[in-house]
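Letter by letter, the chains look like this.
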Amino acid sequence: MWNSLPGFGTGVLYAVLVAAAYTFAVAVAAGRGQPRLLESARRGAYATAALVALGVAILAYAFVTHDFRVRYVTHYSDRSMPTSYLLTSLWGGQDGSLLWWSFLLSCYTTACVFWLKGKYRQLQPYVIATLMVIMGFFAILMLFAANPFEANVSGARLDGEGLNPLLQNYWMVIHPPCLYTGFVGCSVPFSFAIAALVTGRLDNEWIIAVRKWMLFTWMFLSIGNVLGMAWAYEELGWGGYWAWDPVENAACLPWFAASAYVHSTMIQERRGMLKIWNVVLITITFLLTIFGTFLTRAGLISSVHAFAQSDIGIFFLWFMALIAATSIGLIVWRLPQLRSRGQIEAVLSREAAFVVNNWLLMGIASFILVATIFPRISEWLWNETITVGPPFFNRWIAPLGLMLLFLMGLGPLFGWRKTSGVSLRRAFAFPTSVAAVVAVLHLSFGRKLGFPALVPEDAFYPGIAGIILQKIGSVAPLATITLVAFNFAVIAQEFFRGTSARRKKYGDEGVFTALFHTVEKSRRRYGGYIVHIGVGLMFMGFCGRAWEIEHEATLSPGQVHQIGEYTLTYRGPRMEVDPAKRMIFADLDVERDGKSLGRVSPARFIYTKGSQPTTEIGLLRGFRDDLYMVVGNMDPQTKKATLRFHVNPLVSWVWVGVLVLLSGAGVSLWPEVKLREVGVWGLVRASVGAATSVMFAIMLSASSARATTGQERAPSTRPSFGATDPRPLDFTPVVALGVGAAVAGTSLFRRRTPRPR
Amino acid sequence: MIDSRRLLALAPAWGVPLVVATALVVGAFCGLAPALLTLASGALLGAVTLLWSSLGRLTGESPLTLEEAVGLGAPSPEEERKRSILRALKDLEYERSVGKISEEDFAELSVRYRAEAKELLRALEEELAPRRHEAEARLALRLKKDASGSAGKKKKSLRSKNAAKTRPEGRRTGAAVTAEEWTDGTATAEAVAAETADTDADASREALPADAPRPTCPACDTPNDADARFCKRCGATLGAPATEAK
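Computed from a prediction, not measured in an experiment: that's the story for all the values here. (Residues numbered from 1 in each chain as written. Chains lettered and ligands numbered in written order. Predicted model: local features only at pLDDT ≥ 70, side-chain atom pairs only at ≥ 80, totals over all residues.)

Visitor: Would you explain the overall build of chain B in this entry?
Guide: Looking only at helices and strands, chain B features nine helices and zero strands. For chain B, the succession of helices and strands along the chain, N to C, is α-α-α-α-α-α-α-α-α. Counting only residues that meet the buried cut, chain B has 17% of its 246 residues in that class. Residue pairs in contact within chain B that sit at least 24 positions apart in sequence constitute 33% of those at least 6 positions apart. (Helix = DSSP H or I, 4+ residues; strand = E, 2+ residues; numbered from the N terminus. Buried ≥ 20, exposed ≤ 12 C-beta atoms within 10 Å, placed from the backbone. Contact = placed C-beta atoms within 7 Å.)

Visitor: Got a minute to help me understand the overall build of chain A in this structure?
Guide: Counting secondary structure elements, chain A contains 23 helices and ten strands. Counting every position in chain A, which comprises 757 residues, the buried fraction comes to 52%. Sequence-distant contacts, at least 24 apart, represent 74% of the contacts inside chain A between residues at least 6 apart.

Visitor: I tried to follow the sheet that holds strand β9 (residues 625–634) of chain A on my own but got confused; where do I start?
Guide: All names here are of chain A. On the basis of which strands lie adjacent, the open sheet formed by four strands has the order β1-β10-β9-β8 and antiparallel pairing. Looking at the sheet topology across the chains shown, the edges are occupied by β1 (549–555) and β8 (618–620). Sheet twist, expressed as the mean angle between neighbouring strand axes with direction ignored, is 15°. One ladder, built from seven bridges, connects β1 with strand β10 (residues 641–649); its direction is antiparallel. Opposite A553, over in β10, you have L643 as the bridge partner. (Pairing = 2+ DSSP bridges. Axes fitted to C-alpha atoms, helices over the stretch in contact; angles between N-to-C directions.)

Visitor: Would you explain the interface of chain B and chain A in this entry?
Guide: One widely used convention gives an interface's size as the accessible area the parts lose upon coming together. Every contact between the two is made by 44 residues of chain B and, on the other side, 48 residues of chain A. Where the side of chain B that touches chain A is concerned, the elements lending two or more residues are α2 (32–59), α3 (66–69), α4 (77–97) and α5 (103–165) of chain B. If you tally residues by element for the side of chain B that touches chain A, the top one is α2 of chain B, at 16 residues. For the side of chain B that touches chain A, the residue count by class is 24 nonpolar, nine polar and eleven charged. (Nonpolar A, V, L, I, M, F, W, Y, C, P; charged D, E, K, R; others polar.)

Visitor: Sorry, what's going on with the pairing of strand β4 (residues 581–592) of chain A here?
Guide: Consecutive side chains of a regular strand alternate in pointing toward one face of the sheet and then the other. All names here are of chain A. Where strand β3 (residues 566–578) lies against β4, twelve bridges are found, and the strand directions are antiparallel. Bridging across to β4, D578 finds its partner in K581. Taking the residues between adjacent antiparallel strands as the criterion, β3 and β4 are bridged by two residues. Taken together, the five bridges between β4 and strand β6 (residues 603–607) define a ladder with antiparallel strand orientation. By the bridge assignment, I584 is partnered in β6 with R604. Pairing between β4 and strand β5 (residues 595–600): five bridges, direction antiparallel. Within the sheet, the bridge partner assigned to V590 lies in β5 and is G598. The hairpin turn running from β4 into β5, its antiparallel successor, is two residues long, and D593 in that turn takes a positive phi close to 50°.

Visitor: Help me out: how do you make sense of the environment of Y526 of chain A in this one?
Guide: All names here are of chain A. Residue position: Y526 is located in helix α20 (residues 523–543). On the basis of neighbour counts, which here come to 21 C-beta atoms within 10 Å, the residue Y526 falls in the buried class. Taking C-alpha positions, Y526 is 8.8 Å from I491, a pair spaced 35 residues apart along the chain. Setting aside chain neighbours within four positions, we find Y526 in contact with T518, V519 and V667.

Visitor: Explanation requested: the pairing of β9 of chain A in the structure shown.
Guide: Residue and element names in this part refer to chain A. Most of β9 sits out of view: eight of its ten residues are buried. As defined by bridge partners, β8 adjoins β9 across three bridges and the pair is classed as antiparallel. Paired with L619 across the two strands is Y628, which belongs to β9. Where β8 folds back onto β9 in an antiparallel hairpin, the turn is made up of four residues.

Visitor: Just checking my understanding: could you explain the nonpolar core for this structure?
Guide: Across soluble globular proteins, you tend to see nonpolar side chains buried next to one another. Of all hydrophobic cores here, the largest spans 213 residues; its most connected members are A57 and A257 of chain A. No other element matches the 21 residues that helix α2 (residues 35–64) of chain A contributes to this core. The contacts of A57 of chain A, once residues within four sequence positions are left out, are L36, L39, A40 and A43 of chain B. (Core = buried A, V, L, I, M, F, W, Y, C linked by C-beta atoms within 7 Å.)

Visitor: Hey, could you run me through the confidence of the model for chain B in this one?
Guide: When pLDDT is low, close inspection of the predicted coordinates is not appropriate. All names here are of chain B. Confidence in the prediction of chain B, expressed as mean pLDDT, is 69, and 59% of residues score 70 or more. Looking at the elements of chain B, mean pLDDT is at its lowest for helix α6 (residues 179–184), recorded as 39, and at its highest for α2, recorded as 90. pLDDT under 50 marks residues 164–207. Its contacts with residues more than four places away, or in other chains, come to 40 contacts. Overall fold confidence for the complex sits at a pTM of 0.77, while the interface term, ipTM, reaches 0.75. (pLDDT = per-residue confidence, 0-100.)

Visitor: What should I look at first to understand the environment of R211 of chain A in this one?
Guide: Note on placement: R211 of chain A falls in helix α9 (residues 204–236). Residues R211 of chain A and R503 of chain A, spaced 292 residues apart in sequence, show a C-alpha to C-alpha distance of 30 Å.

Visitor: Explanation requested: the confidence of the model for chain A in the structure shown.
Guide: Residue and element names in this part refer to chain A. A residue-level look at chain A finds 86% of positions with pLDDT of 70 or above and a mean pLDDT of 83. Across residues 699–734, confidence stays below pLDDT 50; counting only partners more than four residues off in sequence or on other chains, it has 63 contacts. Scored below 50 in pLDDT, residues 746–757 shows 17 contacts in the model against residues more than four places distant or in partner chains.

Visitor: Just checking my understanding: could you explain the packing of α2 of chain A against α2 of chain B for this structure?
Guide: Helix packing geometry: the angle between the two helix axes and the distance between the axes. Taken N-terminus to C-terminus, the directions of α2 of chain A and α2 of chain B make an angle of 160°; their axes are 8 Å apart at the nearest point. As judged from the angle between their axes, α2 of chain A and α2 of chain B are roughly antiparallel. Note that α2 of chain A runs across α2 of chain B; the crossing there is left-handed. Per-class residue counts for the contact of α2 of chain A with α2 of chain B are 24 nonpolar, five polar and four charged. (Parallel < 35°, antiparallel > 145°, perpendicular 65-115°, else oblique. Left-handed = near helix turned anticlockwise from the far one by under 90°.)

Spelled out as structure tokens, the structure:
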């Protein structure tokens with residue numbers, strides 16, 4: 001059997017297609033209310049998932065055994081690669097990433113079908129059917145356009161071409177799976193929306209069913225995007241973490257739609273309103289995940305992800321058209337049932353604030369979408385390619401982001417239905433005072449501390465729009481810091497009010513006990529507030545861009561360069577060689593206020609199998625700012641080096657903000673199970689799981705910190721996971737996270753079912 | 001004899017951990033490639049087993065388990081609205097407790113929500129009334145049947161007592177308690193426990209008056225059912241149930 005591995009793998013893909021089609025048919029038939037057929041469909045779904053797992057295991061086997069009869073293995077691996085990178089090559093190229101996508105979808109399908117046991121009996125058949133349609137699409141795609149098991153026409157080669165050096169990076173190992181987990185996760189809420197539309201059960205049932213699935217998906221979209229930012233920051237040498245690359249933009253679009261949905265769903269749950277909007281939002285979120293993949297694969301717009309381009313875009317286009325047509329058709333069919341029962345009674349109400357927040361989030365998403373595909377739009381309309389660059393995005397996103405930040409603070413201050421003037425005054429007094437004090441302090445001491453409240457901005461456009469954007473850009477740092485303070489004060493006040501109310505009710509509780517029980521009783525609400533703190537911290541990090549310093553200099557050995565508070569002494573070039581590449585470092589000693597911070601060595605790597613040399617940055621991290629260095633050219637004769645230096649203030653707060661955001665999402669996702677129900681061992685397992693996950697978070701931070709502290713001993717400032725380190729990847733933390741999450745999950749989701757009497 | 005269909009139905013539950021454990025062992029001793037082959041074999045076997053059992057369900061060859069067959073019922077839109085209103089009331093009370101809403105607004109909205117909830121509860125009550133009557137009638141029939149069955153059981157125990165008289169070794173542990181022993185109070189605690197366990201729970205409930213005292217757990221103060229022997233929350237022993245006290 002293993003003598004024809006490509007043939008066997010292709011056969012498995014055919015089996016996936018057949019199993020998905022069979023399960024779809026049985027599930028649709030089960031929709032008439034026959035439990036026998038439903039059970040059959042459930043098992044069919046599990047079988048389809050098992051077949052996809054088989055496909056992944058076969059491809060992984062092919063990579064590990066260097067089976068160069070398989071074209072995909074030849075293109076994305078070679079014999080010199082360590083096993084860890086051989087396994088990550090599974091999603092390193094297009095064909096494998098589609099199989100990986102199917103695998104994640106099969107994991108979601110298994111989890112969803114298992115979870116659905118005995119629940120949502122009427123929705124269940126159509127949820128399974130929709131998931132099978134998506135699975136079928138990916139099977140067709142692999143079979144007819146991007147088969148990861150396709151054999152080399154010329155037979156087996158002696159060695160492969162190797163993985164793109166840009167992808168041989170720690171962040172790249174975990175970024176695609178996390179982002180895919182977020183992307184693929186949108187399939188489950190979408191399937192529920194379709195099931196609700198087909199069955200006509202459009203009240204809160206499906207909204208409640210998808211609540212945690214959507215939060216989980218949203219969490220992974222956040223993680224995936226941030227890991228992409230970290231990868232771009234450390235690997236691409238842009239000087240920053242976000243450059244409005246088309247694929248970066250496409251990846252963040254579903255995040256905006258999902259964020260809008262997470263808020264608007266609360267209105268439907270409490271007020272029975274926005275039913276159409278919620279169905280539309282779910283559909284848009286799912287469509288945007290497919291659009292993201294389409295943009296990456298179709299090569300519609302030039303991008304840093306050019307390595308992933310191919311001609312399968314047309315398949316995605318047809319699939320998107322099918323999804324859109326089906327969803328629109330179903331929505332129109334169910335329009336009478338989708339009409340709202342209630343209406344917004346007052347402008348000063350939480351639902352009104354959420355609606356405006358939704359408009360804004362979707363407005364930002366639409367703006368990014370249109371600007372991203374503008375080169376193609378302009379080509380179609382005016383036969384001229386007009387590219388929209390980062391300055392355009394930065395100017396326009398600033399005011400929109402500030403509005404979002406303001407609304408984020410405003411929402412929690414309002415009550416549902418309406419808020420009286422007295423309550424509003426009471427609610428606003430503290431946050432407004434804090435914001436005012438912070439604004440005054442920033443204006444007074446900001447410049448002295450190196451963070452001036454107002455920064456001069458150049459006019460970007462002529463005319464009024466240009467002037468307005470220029471003014472907004474100038475005051476953006478002050479406005480951001482003030483609004484972040486406003487948000488923090490609002491959240492502190494919410495926690496204080498909740499805790500005080502509880503202590504008033506249960507007089508004997510201490511402050512921390514009351515705080516714990518307040519959060520425990522209303523995890524979704526307070527988890528959401530913690531997410532807001534994380535977003536506030538991220539905004540603070542984004543705002544740091546206003547104080548960024550950038551220099552470019554050509555230095556001779558021994559020459560000194562000053563940037564901000566840093567004094568850099570260039571010591572000269574250094575070359576190291578390993579079997580895969582030549583590494584040319586530029587060694588620089590860094591001092592701040594006369595105190596040595598160590599040696600930083602930005603580099604250029606020239607791979608034996610790569611066409612382009614890669615840029616390896618030098619980085620010194622700090623909570624105040626990052627010193628970021630990129631080497632351009634080095635003259636071997638004169639030993640002169642052309643270097644680009646950046647001082648990036650507050651960047652670390654972006655990463656800290658993400659960790660806070662994730663912990664908030666974790667609080668919201670924590671299952672509502674009483675400890676008595678799970679027993680003592682359940683509690684122990686959950687604690688172990690939670691501790692492992694926290695350790696993973698610390699490890700993520702520590703891997704960055706290592707870059708800062710390891711200057712003296714390491715020739716390069718890159719984290720030790722990257723291509724500079726000949727050791728294979730250390731998977732222990734990732735495995736630990738998996739084990740921890742699994743342990744926490746199983747312990748808390750396993751409930752004791754009462755034995756029949 | 002082991003029911004092969006049942007074994008097949010349970011295969012995914014023990015198959016996945018078994019395959020993963022085997023792959024880990026193989027990986028530890030023979031390397032990654034054989035471990036991947038083990039996983040692949042497990043996945044293939046799993047897929048075939050699952051498809052086979054799916055086809056079995058489809059063709060009706062494999063019967064559904066009770067659990068699989070139960071519960072096509074799902075909450076009606078009225079029930080969902082009721083939940084939504086109850087949740088809104090909870091929110092309203094929270095907002096009042098943290099001072100986000102004035103007393104007047106709270107009173108007005110609370111009255112409106114309660115009126116809506118009342119209306120829904122009435123509608124639900126009306127919708128459920130015929131089914132409830134039907135369920136009660138069936139329950140009464142069942143209890144009647146059980147009561148007559150229980151009487152028959154006691155007659156049987158009486159016969160077994162007479163038979164026991166002929167046995168010199170006396171009563172074995174867990175032997176049935178006779179009607180006489182019940183009435184004259186000579187039954188041992190062991191025998192009473194065994195008998196109580198044997199007796200159908202519904203029949204014991206029938207013997208309980210409606211106002212039977214509900215024992216409170218000495219450990220956690222949880223009120224329990226009148227016939228409970230152990231606390232439903234913490235599992236502590238509750239002392240003699242109402243039936244035995246009587």
